[in-house]
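# Analysis of the macromolecular model
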Amino acid sequence: MKTLVLFYSTYGHIWKLAEAIAEGARQVDGNEVVIKRVPETLPQSLLDQIGATEAQKAFSHLPVATPDELTEYDAIIFGTPTRYGNLCGQMQAYMDSTGGLWAKGALVGKVGGAFVSTATQHGGQETTIRAFHTELLHHGFVIVGLPYAWQGQMGHEEVTGGTPYGASTVAGGQGERMPSENELEGARFQGKHTAEIAKKLAVK
């Protein structure tokens, strides 16, 4: 069985969640886990201007996934920052490039889900994941979220991400806040939970 964690990250918040998602998925026996990123669409001059270049060095060594290779995986968990309550442009451009796979029904029956980051606590975490779910449903994915079996989303002692739709983090208005341990634990749970369901479905 193979699981792909596919993400776009501007300042590293989604990258940190992606690592935790992968960590959880690796807890499932027989699961090969791969982390890849989608292509950058912003010009280098703008990345320099917004201070993203240095942050992206941490994961620039990771390969970029081509749309056609998505068929190789049993489960795909997608990570994106939120832009106005929706997918970021880089991830949307990648999803737009999967039309050929959609036309062939090549991803029908795959297991999938999404995780996100927002600048603020109410900045569109759930709307972004739900929007992503719509695209996955058009491809025929079996969608897995982050059930309340993970109790970390039940507390109110601290500001934290984590929704029944998928893992999330609050990055702060200036990107100053990296994922908390609670948010990372939610991501690990989602990764493991998704891989467990994919393994069950893979049994012939």
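Residues numbered from 1 in each chain as written. Predicted model: local features only at pLDDT ≥ 70, side-chain atom pairs only at ≥ 80, totals over all residues. Heavy atoms only, no water.

This part takes up the packing of aromatic side chains. When we look at a pair of aromatic rings, we describe it by the centre distance and by the angle of the planes. Inspection of every chain in the model, using the stated rule, returns 5 aromatic pairs. Where Trp15 meets Phe59, the ring centres are 5.8 Å apart and the plane angle is 45°; that geometry is what we call tilted. Of this pair, Trp15 sits in helix H1 (residues 13–25) while Phe59 is found in the loop between helix H3 (52–56) and strand E3 (75–83), placing the two residues 44 residues apart along the sequence. The exposure class assigned to Trp15 is buried, which follows from its relative accessible area of 9%. Since its relative accessible area comes to 4%, Phe59 is described here as buried. (Phe/Tyr/Trp six-rings, centres within 6.5 Å; stacked < 30°, edge-to-face > 60°. Helix = DSSP H or I, 4+ residues; strand = E, 2+ residues; numbered from the N terminus. Buried < 20%, exposed > 50% of the residue type's maximum accessible area, 1.4 Å probe, protein only.)

The next thing to look at is a nonpolar patch on the surface. A grouping of Tyr11, Leu42 and Ile50 is seen on the molecular surface, where their side chains present a nonpolar patch of about 220 Å² in accessible area. With respect to the helices and strands, Tyr11 occurs in the loop between strand E1 (2–7) and H1. (Patch = residues over 30% accessible without salt bridge, like charges linked within 9 Å, V, L, I, M, F, W, Y side chains within 5 Å. Areas by Shrake-Rupley, 256 points an atom, 1.4 Å probe, with all protein chains shown as cover. Salt bridge = Lys/Arg side-chain N within 4 Å of Asp/Glu carboxyl O.)

Another aspect to go through is the UniProt feature "binding site: FMN" (unreviewed entry) in the protein. UniProt feature "binding site: FMN" (unreviewed entry): in the numbering of this structure it lies at Ser9, Thr10, Tyr11, Gly12, His13, Ile14, Thr82, Arg83, Tyr84 and His138. For this annotated set, covering 130 residues, the C-alpha atoms extend up to 29.7 Å from each other, a dispersed arrangement in space. Turning to its location among the elements, Arg83 is positioned in strand E3. Contacts of Arg83, omitting those with residues within four sequence positions, involve Thr10 and Cys88. At 2.9 Å, the side chain of Arg83 forms a polar contact with the side chain of Thr10. (UniProt positions renumbered as here; feature names shortened; annotations may be inferred. Contact = heavy atoms within 4.5 Å. Polar contact = N/O pair within 3.5 Å; in protein donor to acceptor, adjacent residues only side chain to side chain.)

Moving on: the UniProt feature "binding site: NAD(+)" (unreviewed entry) in the protein. As recorded in UniProt, the feature "binding site: NAD(+)" (unreviewed entry) lies at Tyr11. Overall, Tyr11 belongs to the partly exposed group, its relative accessible area being 34%. Sequence-distant contacts of Tyr11, that is, excluding residues within four places in its chain, are made with Ile50, Gly51, Ala52, Ala55 and Met178.

What follows covers the environment of Gly186. Along the polypeptide, Gly186 turns up in helix H7 (residues 181–202). Given a relative accessible area of 1%, Gly186 falls into the buried group. A sequence separation of 25 residues divides Gly186 from Gly161, and the C-alpha atoms of the two residues are 8.6 Å apart. In this structure, Gly186 is in contact with Leu146, Trp150 and Ala167, ignoring residues within four places of it in sequence.

Moving on to helix H6 (residues 125–139). An α-helical segment advances 3.6 residues per turn. Residues three or four places apart therefore align on the same side. In this model, H6 (15 residues) spans 22 Å end to end at C-alpha, consistent with the 21 Å of a helix rising 1.5 Å per residue. Within the sequence span of H6, burial applies to Gln125, Thr128, Ile129, Phe132, His133, Leu136 and His139. Viewed end-on, H6 has its buried residues packed into an arc of 140°, placing them on one side of the element. Residues Leu137 and His138 are exposed on H6 and point more than 90 degrees away from its buried face. Trailing H6 by a residue or two, Gly140 shows a phi angle of about 90°, which is positive. (Expected span 1.5 Å × (residues − 1). Arc of directions from axis to C-beta.)

In this section: the pattern of salt bridges. Any two side chains of opposite charge can pair, on the condition that their charged atoms come close. Tallied over the entire structure, the rule returns 7 salt bridges. The salt bridge partner of Lys2 is Glu72, with a shortest N-O separation of 3.9 Å. Placement of the pair is Lys2 in strand E1 and Glu72 in the loop between H3 and E3, with a sequence separation of 70 residues. Among the ionic pairs, Arg188 bridges to Glu23, the shortest N-O distance being 3.3 Å. Taken together, the residues span a long stretch of sequence, with Arg188 in helix H7 and Glu23 in helix H1 at a distance of 165 residues. Among the charged side chains, a salt-bridge network with shared partners connects Glu23, Glu181, Glu185 and Arg188.

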